[in-house]
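Descriptive analysis of the structure
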Amino acid sequence: MIRVAVAGAAGRMGQTVCEAVSGAEGIELVGRADPLLGVALADVLAGAEVVVDFTRPDTALENALQCVRAGVHVVIGTTGFDQASLERALNEPTDPSRPGMARANVLLAPNFAIGAVLMMRFAAEAAQHMQAAEIIELHHEGKLDAPSGTALRTAELMAEASGAPPPPIHSVRLPGLVAHQEVILGDLAQTLTIRHDTIGRESFMPGVLLAIRRVSTLAAPFTVGLESLLF
Ligand SMILES: NC(=O)c1ccc[n+]([C@@H]2O[C@H](COP(=O)([O-])OP(=O)(O)OC[C@H]3O[C@@H](n4cnc5c(N)ncnc54)[C@H](O)[C@@H]3O)[C@@H](O)[C@H]2O)c1
């Protein structure tokens, strides 16, 4: 059994993750941390092997460092925080005053839905063959960060693949939306649109469960994107 604690357990994503983890074979839910439940992350770390973090941009970095210092692997779904700071902190040499500190891995994925991972992959391929592109990302009105982590990652992958600057991103926030993205590519007398729609948060759960099962086996201490586990 993999012992899992969820940070942000009272949130939209956290509640769905708790349900998915509770029903998954070989995984046990051992803690729900959330200020709304009166439970701090520190209170659930001792019993956990993996923490899944779906919290807020202003707390995800500190949460991840707290887990790693405790030797607990982290699967991060939270977006909109300074990913470079986390990477730098993880690459710092182990504190010599704590030689016994266990090594822990971090897997950060801006989107755990298989369709979104494929959208990013196809967009990166298309960017190599078409003149220009723009990204439109559309989310529910409660989303705190803009542009979305998925749009930023898509733009980064497209730039890496094409050698061109990252495409512009447009953000829409409206009630009635969950998580949606369109990548529109343009060329002489034609356009290509690649679109992904998330209509329920269950779409993220197979990816989250895969990440929980595999995070301890990753070769690097810091991995970005579910694609590293899928392809
Ligand atoms: N990677 C993905 O596939 C994916 C999918 C959907 C959403 N997200 C991201 O996940 C994050 C959460 O989204 P949401 O819609 O569930 O937000 P939400 O506001 O519904 O939930 C966040 C929860 O975190 C709690 N929280 C705040 N500080 C905390 C702390 N220090 N420790 C523990 N819990 C804390 C809040 O009380 C709240 O209950 C956002 O950054 C969002 O962009 C990622």
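What comes next is a walk through the structure. These figures come from a predicted structure and were not determined experimentally. Residues take numbers from 1 onward in each chain, read along the sequence in its written order. Whole-chain, interface and lining totals are the exception, using all residues; otherwise, since this is a predicted model, local features are given only for residues with pLDDT of at least 70 and side-chain atom pairs are given and counted only at 80 or more. Working from all heavy atoms in the structure, the side-chain values ignore hydrogens and water.

Some remarks on the sheet that holds strand E7 (residues 169–173)
Our working definition: Paired strands, in this sense, are two strands between which DSSP finds at least two bridges. A run of H or I in DSSP counts as a helix once it spans at least four residues, and a run of E counts as a strand once it spans at least two, with each numbered from the N terminus. Only C-alpha atoms enter the line fits that serve as axes; for helices the fit covers just the stretch in contact. Angles between N-to-C directions range over 0 to 180 degrees.
Strand order across the open sheet formed by 4 strands is E7-E6-E8-E9, with mixed pairing between neighbours. One side of each edge strand has no neighbouring strand; the edge strands of this open sheet are E7 and strand E9 (190–198). Averaged over neighbouring strand pairs, the angle between their axes works out to 15° when direction is ignored. In this sheet, E9 lies alongside strand E8 (residues 179–187) in antiparallel orientation, the contact comprising 9 bridges.

With respect to the sheet that holds strand E3 (residues 50–53)
Heads up, the rule is: Any two residues whose heavy atoms approach within 4.5 Å at even a single point are treated as in contact.
Strand order in this open sheet of 6 strands is E2-E1-E3-E4-E5-E10, and the pairing throughout is parallel. The open sheet has two free edges, formed respectively by strand E2 (27–33) and strand E10 (222–224), since each of these has just one partner strand. Going across the sheet, the axis of each strand differs from the next one's by a mean of 20°, ignoring polarity. Both strand E1 (residues 2–7) and E2 contribute to a ladder of 6 bridges, which runs parallel. Residue pairing for E2: Ala7 is matched across the bridge by Ala33. Here helix H4 (residues 83–91) sits on the sheet in contact with strand E4 (73–76), strand E5 (106–108) and E10, set at roughly 150° to E10.

What to know about the environment of Ile169
Checked against the element boundaries, Ile169 lands in strand E7. The spatial distance from the C-alpha of Ile169 to the C-alpha of Ile136 is 5.8 Å, given a sequence separation of 33 residues. Each residue touching Ile169, except ones within four places of it in the same chain, is listed here: Ile135, Glu137, Pro147, Ala151, Leu152 and Ala155.

Points about the nonpolar core
Basically, it comes down to this: To form a nonpolar core, buried Ala, Val, Leu, Ile, Met, Phe, Trp, Tyr and Cys residues must be joined to one another through side-chain atoms within 4.5 Å. Relative accessibility under 20% of the residue-type maximum defines a buried residue, over 50% an exposed one, and the middle range a partly exposed one, all with a 1.4 Å probe and only protein chains included.
One finds Val4, Phe112, Leu185 and Ile212 to be the most contacted residues of the largest nonpolar core, which totals 47 residues. Mapped onto this core, the elements with two or more residues apiece are E1, helix H1 (12–22), E3, helix H5 (114–127), strand E6 (132–139), helix H6 (149–162), E8 and helix H7 (205–214). Per-element tally for this core: the top contributor is H5, with 8 residues. Look past the residues within four positions of Phe112 in its chain and what remains in contact with it is Phe54, Val75, Ile76, Gly77, Ser203, Phe204, Gly207, Val208, Ala211 and Leu226. Leu45, Val51, Val74 and Leu86 belong to the second-largest nonpolar core, a separate cluster that totals 23 residues.

A closer look at H5
Helical periodicity: at 3.6 residues per turn, an α-helix aligns residues three or four positions apart in one direction. As a reminder, the rule being used: By this rule the span expected of a helix is its residue count minus one, scaled by 1.5 Å.
Its 14 residues give H5 an end-to-end C-alpha distance of 20 Å, which sits within 8% of 20 Å, the value for a rise of 1.5 Å per residue. Those residues of H5 lying buried are Ala116, Val117, Met119, Met120, Ala123, Ala124, Ala126 and Ala127. Along its buried surface, H5 packs onto H6, E8, E9 and helix H8 (227–230).

Quick notes on the packing of aromatic side chains
The following threshold applies: Pairing of aromatic rings covers Phe, Tyr and Trp, the last through its six-membered ring, and needs centres within 6.5 Å; plane angles under 30 degrees mean stacked, over 60 mean edge-to-face, and all others mean tilted. In this scheme, Lys NZ or Arg CZ marks a charge over a ring once it lies within 6 Å of the ring centre and within 35 degrees of the ring normal.
Scanning the model with the defined rule gives 1 aromatic pair in all. The ring centre of Phe231 lies 4.0 Å from the NZ or CZ of Arg121, which sits over that ring.

Description of the site of the ligand
Filter applied, for reference: Near is defined per residue: the residue qualifies when any heavy atom it owns lies within 4 Å of the molecule or strand. Identification of polar contacts relies on pairs of N or O atoms within 3.5 Å, with a donor-acceptor requirement for protein atoms, meaning one able to donate a hydrogen and the other able to accept it, and with residues adjacent in sequence counted only if both atoms are side-chain atoms. Here the Shrake-Rupley method, with its probe set to 1.4 Å, supplies the accessible areas, and only the displayed protein chains count as covering residues. Under this grouping Gly is polar, as are all residues other than the nonpolar Ala, Val, Leu, Ile, Met, Phe, Trp, Tyr, Cys and Pro and the charged Asp, Glu, Lys and Arg.
The ligand sits among 24 residues. The nearest are Met13, Asp34, Thr59, Thr79 and Ala109. Between the ligand and Gly77, the relevant distance is 3.1 Å, taken from a nitrogen atom to a main-chain nitrogen or oxygen of the residue. Here an oxygen atom of the ligand sits 2.8 Å away from a polar atom, N or O, in the side chain of Thr79. For the ligand, whose unbound accessible area comes to 870 Å², protein coverage reaches 83%. Residue composition of the shell around the ligand, by class: 10 nonpolar, 9 polar and 5 charged.

Here we look at unusual backbone geometry
Along the chain, Ala146 connects to Pro147 via a cis peptide bond; the corresponding omega equals -5°. For Pro147, the position within the fold is in the loop between E6 and H6. Phi at Ala189 is positive, roughly 60°, even though this residue is not glycine. Its relative accessible area of 85% is what places Ala189 among the exposed residues.

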